[in-house]
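Residue-level structural notes
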Amino acid sequence: MDERTALRMLADALPAAGDDAAVVEDLVVTTDMLHETTDFPAGTTRYTAGWRAVGASLSDVAAMGVPAVAAVAAYAAPRFDEGELVDFVRGAQDVAERVDAAYVGGDLDHHEEFTVATTAIGRRGDHDPVLRSGATPGDVVCVTGSLGRSAAGLRAFEAGDPDRGNDLFRFTPRVGAGERLAAHATAMMDSSDGLARSLHQLAEASECGFAVDADRVPLTEELTSTVDAAEAWDLGVYFGEDFELVCTLPERAVDDATAALSDCEVSLTRVGRVVDAESGVTVDDDPLPDRGYTHGSE
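Residues numbered from 1 in each chain as written. Predicted model: local features only at pLDDT ≥ 70, side-chain atom pairs only at ≥ 80, totals over all residues. Heavy atoms only, no water.

A short note on the packing of aromatic side chains
The line we're drawing: Side-chain rings of Phe, Tyr and Trp (the six-membered ring for Trp) are treated as a pair once their centres are within 6.5 Å; stacked means planes under 30 degrees apart, edge-to-face means over 60, and tilted covers the remaining angles. Strands here are runs of E lasting at least two residues and helices are runs of H or I lasting at least four, both read from the DSSP assignment and numbered beginning at the N terminus. Classification of residues uses two cut-offs on accessible area relative to the type maximum, computed with a 1.4 Å probe and protein chains only: under 20% is buried, over 50% is exposed, and between them is partly exposed.
Applying the stated criterion to the full structure yields eight aromatic pairs. With centroids separated by 6.2 Å and ring planes inclined at 45°, the aromatic side chains of Tyr-47 and Trp-51 adopt a geometry described as tilted. In this pair, Tyr-47 and Trp-51 both sit in helix α3 (residues 46-63), four residues apart, roughly one turn of the helix. Trp-51 carries the same exposure label as Tyr-47, and that label is buried.

Overview of the packing of α3 against helix α4 (residues 82-98)
Here is the rule: The axes used here are C-alpha line fits, helices contributing only the stretch in contact, and every angle between their N-to-C directions lies in the interval 0 to 180 degrees. Here is the rule for handedness: rotate from the far helix to the near one, and if that takes an anticlockwise turn smaller than a right angle the crossing is left-handed, while a clockwise turn gives right-handed. Contact definition: two residues touch when any of their heavy atoms are within 4.5 Å. When residues are grouped by polarity, Ala, Val, Leu, Ile, Met, Phe, Trp, Tyr, Cys and Pro land in nonpolar, Asp, Glu, Lys and Arg in charged, and all others, Gly among them, in polar.
Between α3 and α4, whose axes approach to 6 Å, the crossing angle comes to 40°. Like other packed secondary-structure pairs, α3 and α4 cross with a definite hand, here right-handed. In this structure, α3 uses Arg-46, Tyr-47, Ala-49, Gly-50, Trp-51, Val-54, Gly-55 and Leu-58 to contact α4, whose residues at the interface are Glu-84, Asp-87, Phe-88, Arg-90, Gly-91, Ala-92, Asp-94, Val-95, Ala-96 and Arg-98. Of the residues belonging to the contact of α3 with α4, the class tally is nine nonpolar, three polar and six charged.

Digging into the UniProt feature "binding site: ATP" (unreviewed entry) in the protein chain
The test is simple: UniProt positions are given in the numbering used here, feature names are shortened, and annotations may be inferred rather than shown by experiment.
What UniProt calls "binding site: ATP" (unreviewed entry) maps, in this numbering, to Gly-106, Asp-107, Arg-132 and Ser-192. Judged by maximum C-alpha separation, these annotated positions cover 87 residues in sequence and are scattered in space, the widest gap reaching 31.4 Å. Relative to the assigned elements, Arg-132 resides in the loop between β5 (115-123) and β6 (140-144). Along the chain, Ser-192 falls in the loop between β7 (187-190) and α8 (195-206). The exposure class of Ser-192 is buried, given its relative accessible area of 14%.

Re the pattern of salt bridges
What counts here: Salt bridge, as applied in this entry: a Lys or Arg side-chain nitrogen positioned within 4 Å of an Asp or Glu carboxyl oxygen.
Summed over the entire model, instances satisfying the criterion amount to 14 salt bridges. Between Arg-197 and Asp-290 there is a salt bridge, with the nearest N and O atoms lying 3.0 Å from each other. Separated by 93 residues along the polypeptide, Arg-197 in helix α8 and Asp-290 in the segment after β12 (286-287) bring together distant segments of the chain. A residue is classified by how much of its surface remains accessible, and Asp-290, at 30% relative accessible area, is partly exposed.

Quick word on the nonpolar core
Nonpolar side chains in soluble globular proteins generally cluster together in the buried interior. Rules: Residues grouped as a nonpolar core are buried Ala, Val, Leu, Ile, Met, Phe, Trp, Tyr and Cys residues, joined through side-chain atoms within 4.5 Å. Boundary definitions for the domains trace back to an automatic or database domain assignment.
Formed by 47 residues in total, the largest nonpolar core has its most connected members in Leu-58, Phe-88, Phe-114, Leu-181, Cys-247 and Leu-249. Of the residues forming this core, the biggest block, nine residues, is contributed by α3. Structurally, this core is a two-domain feature, drawing no fewer than three residues from each of domain 1 (3-123) and domain 2 (140-297). In this structure Cys-247 touches Val-140, Val-141, Cys-142, Leu-181, Ala-185, Ala-187, Met-188 and Leu-268, once residues within four positions along its chain are discounted. In this structure, Val-141, Leu-199, Cys-208 and Val-217 belong to the second largest nonpolar core, which totals 24 residues.

Shown next as structure tokens:
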């Protein structure tokens, strides 16, 4: 079974799961695992790997709309190389510092494949954590930033340009934006599985549907400048690994939410609206397939 099927199977036994992070009293806790063969293309530096692995978990904290506190990582590899370890820790520290959190260590182990497991912790701030289950028909759906950065990075690696690939793979988790959106958002998650899959996950959690306007979806210039429009759309919507925020909020709150993000230097784009569950998830009135990044897919 793939990741989503396994999570559904475990839902009854794990009632605290189902959002980007679990809420435990005043804390949110999340964990991720990344592997060399599936997550780090050839040419990925250990600095980028440390940044990206820890950043992925910090992105889950961002999706809950709370401040990030700390992160740890378990680092496993066939052998330990001093330079690689130092670079990995530097990357982990730098991405944590970027969002005013601390990288506080972790664990080392030998493994046949370079593998990283990360955990990040956030603390309840001025607002309660934002779950995936609060979207209501009549709300609007928005995304931060633009989509397609990781797809463009992968293309750069494949084209033999690891410097550009590494640069595009180092993203800033939207922790600050998530904190500000928490005052307005009714539901939120990150886009690590792709916009399309994120909308289907939000629809399932909130028992609603979404109507997306294709021409409103913001695609990053790093992607649109290298592939044609149709491919850019597919990669931007389905590829995933962008770590932007997908949120719903009342229409009356859009202007205030946009203004709240101004000091984060992050844009907020309205891409559609929340509709009733019977309408499903559509783009320009056609069904939007539930496609995206899935761990363990065949």
